[in-house]
Amino acid sequence: MYAGAKAVFYALSRSATLKRLASKYGMRSRDSFARRFIAGETVEEAIETSRQIQTQGLLLTLDYLGESVRTPEEAAAATREYVRLLDVIVASGIERNISLKLTQLGAGIDRATCVDNLRRILEPAGRHGFFVRIDMENSPWTQLTLEIFETLWQQEYRNVGIALQAALYRSEEDIRHMNELGARVRLIKGAYKEPETVAYQRKSDVDAAFLRLMRLLLDSGTYPAIATHDPKTIAATRSHARERGVATDRFEFQMLYGIRRDLQSSLVAEGYRMRLYIPFGREWFPYFMRRLGERPANLGFVVRGILGDR
Ligand SMILES: Cc1cc2nc3c(=O)[nH]c(=O)nc-3n(C[C@H](O)[C@H](O)[C@H](O)COP(=O)(O)OP(=O)(O)OC[C@H]3O[C@@H](n4cnc5c(N)ncnc54)[C@H](O)[C@@H]3O)c2cc1C
């Protein structure tokens, strides 16, 4: 079921007809179904949401949605949007933290284009005190994403971190390497349907791997981010940190906008750092479909939303 649901929603996420239909209904009014997970289609809406979130004591990272661009012009346009986003964030006064995907910056076109585009963002981001997190996409991109990250790291960019997926067999080795570099890692379970050759298929195996990697990061990583909504995993992280004397300011929890708000606020109330990943933009469909793949029960509110919205 776990791997199956991801596969079905991944296949659906490539359907142009479904995308057209979803785009028509998903965001059109204030309570349309996609708004549960997406902060809005415009940067202004995202800033407004971010302000509200900050008042609840949460940290944040903003993601300008988009991925798998096909031409250098699209990659350049996405890069310009990110640079503009930095300016808007600075002007707004909200926290300076963004997340991005390398296929949005041209990783699928060629490595040099993507490195250049990423540098165009890291440069002003560094000047203005931003932290930039590189999201991790599906496994055909893992190696290239890590190589591009390391290229920039070797050029002394330190305002950048990476995300690694517990589902992948290789992640333990990648985490050990990041720990040696002193690079910041966001640990996640992994949102993509992956083949057996590279990833655990059973949820219980992914959960167990997450716990092993969480310990590795808390014991010898640099300000790791433990990104999950799973109460058991969160409890295990808290107890490991307590046992090892890892103070609450030496790591953070992260969750996605719209998921488990109850847990988000209870962690804040207990003095933990809690960062919310806030996606916005017109290209929300693939992101939205991954959220359905993680929890097919979410389909219920989509159907109710469409029926109620017609
Ligand atoms: C901050 C952040 C950044 C991320 N970045 C990436 C990335 O770069 N690359 C990547 O592959 N993945 C990324 N993910 C997604 C991640 O890989 C998982 O797919 C996702 O977090 C679901 O796994 P889980 O650990 O939260 O818990 P699970 O064990 O899957 O679920 C635990 C509980 O969380 C809740 N929950 C989980 N997912 C949903 C949902 N979609 N809708 C409603 N409730 C839900 C439910 O209550 C569920 O019982 C990110 C996740 C977070 C929180």
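Presented here is an overview of the structure given in this document. (Residues numbered from 1 in each chain as written. Predicted model: local features only at pLDDT ≥ 70, side-chain atom pairs only at ≥ 80, totals over all residues. Heavy atoms only, no water.)

1. Topic: the overall build of the chain
A tally of regular secondary structure across the chain gives twelve helices and eight strands. The C-alpha radius of gyration computed for the chain amounts to 19 Å, which stays within 12% of the reference 19 Å derived for 310 residues, consistent with globular compactness. Each principal axis of the C-alpha atoms in the chain carries an extent, and together these give about 55 × 45 × 40 Å. The long-range share in the chain, meaning contacts at least 24 apart out of those at least 6 apart in sequence, stands at 71%. Surface summary for the chain: the accessible area is close to 14,000 Å², and the carbon and sulfur share equals 52%. Taking the 46 positively charged and 38 negatively charged side chains of the chain as two groups, their mean positions are separated by 5 Å. (Helix = DSSP H or I, 4+ residues; strand = E, 2+ residues; numbered from the N terminus. Rg over C-alpha atoms; globule rule 2.2 N^0.38 Å. Contact = heavy atoms within 4.5 Å. Areas by Shrake-Rupley, 256 points an atom, 1.4 Å probe, with all protein chains shown as cover. Lys, Arg positive; Asp, Glu negative; His and termini not counted. Charge placed at Lys NZ, Arg CZ, Asp CG, Glu CD.)

2. Quick notes on the nonpolar core
Counting 69 residues, the largest nonpolar core has Leu62, Ile98, Leu100, Leu102, Leu118 and Ile162 as the members making the most contacts within it. The element contributing the most residues to this core is helix α8 (residues 203-220), with seven residues. Not counting residues within four places of it along the chain, the set of residues in contact with Ile98 comprises Thr61, Leu62, Tyr82, Leu85, Leu86, Ile89, Ile121, Phe130, Phe131, Val132 and Arg133. Membership of the second largest hydrophobic core comes to 20 residues, among which are Phe33, Leu65, Leu256 and Tyr277. (Core = buried A, V, L, I, M, F, W, Y, C linked by side-chain atoms within 4.5 Å. Buried < 20%, exposed > 50% of the residue type's maximum accessible area, 1.4 Å probe, protein only.)

3. Concerning the environment of Leu85
Mapped onto the elements, Leu85 comes out in helix α4 (residues 72-92). Measuring from C-alpha to C-alpha, the distance between Leu85 and Leu62 comes to 9.1 Å, with 23 residues separating the pair along the chain. Setting aside its immediate chain neighbours within four residues, Leu85 contacts Val43, Leu62, Tyr64, Ile98 and Phe280.

4. Points about the side chain of Asn97
One can find Asn97 in strand β2 (residues 97-100). There is a polar contact of 2.8 Å between the side chain of Asn97 and the side chain of Thr61. (Polar contact = N/O pair within 3.5 Å; in protein donor to acceptor, adjacent residues only side chain to side chain.)

5. Some details on unusual backbone geometry
Phi at Tyr223 is positive, roughly 35 degrees, even though this residue is not glycine. Looking at where Tyr223 falls in the secondary structure, it is placed in the loop between α8 and β6 (225-227). A positive phi angle, near 50 degrees, is found at Arg260, a position not held by glycine. Secondary-structure assignment places Arg260 in the loop between β7 (252-256) and α10 (261-269).

6. With respect to the site of the ligand
Taken together, 27 residues form the shell around the ligand, and within it Lys189, Lys203, Thr228, His229 and Glu294 come nearest. Within the backbone of Gly190, one N or O atom sits 2.7 Å away from an oxygen atom of the ligand. Contributions of two or more residues to the shell around the ligand are made by β4 (160-165), β5 (185-188), β7 and α11 (285-294). With three residues, the top contributor of residues to the shell around the ligand is β7. When its residues are assigned to classes, the shell around the ligand shows eleven nonpolar, six polar and ten charged. (Near = heavy atom within 4 Å. Nonpolar A, V, L, I, M, F, W, Y, C, P; charged D, E, K, R; others polar.)

7. As for helix α7 (residues 171-181)
All of the buried residues along α7 are Ser171, Asp174, Ile175, Met178 and Asn179. Summarising the axial view, the buried residues of α7 lie within an arc of 140 degrees, below the 170-degree limit, and thus occupy one face. Of the residues in α7, the exposed ones pointing more than 90 degrees away from the buried face are Glu173 and Glu180. In the core, the buried residues of α7 are packed alongside α6 (142-154), β4, β5 and α8. (Arc of directions from axis to C-beta.)

8. Topic: α11
Within α11, eight of the ten residues are buried, which leaves the element mostly enclosed by the surrounding structure. Every buried residue of α11 is listed here: Phe285, Tyr287, Phe288, Met289, Arg290, Arg291, Leu292 and Gly293.

9. Looking at the packing of α6 against α7
Two packed helices can be described by the angle between their axes and the distance between those axes. Contact geometry for α6 and α7: axes closest at 13 Å, N-to-C directions at 10 degrees. Our classification of the angle between α6 and α7 gives roughly parallel. Contact residues: α6 offers Leu146, Phe149, Glu150, Trp153 and Gln154, while α7 offers Asp174, His177, Met178 and Leu181. A per-class count over the contact of α6 with α7 returns five nonpolar, two polar and two charged. (Axes fitted to C-alpha atoms, helices over the stretch in contact; angles between N-to-C directions. Parallel < 35°, antiparallel > 145°, perpendicular 65-115°, else oblique.)

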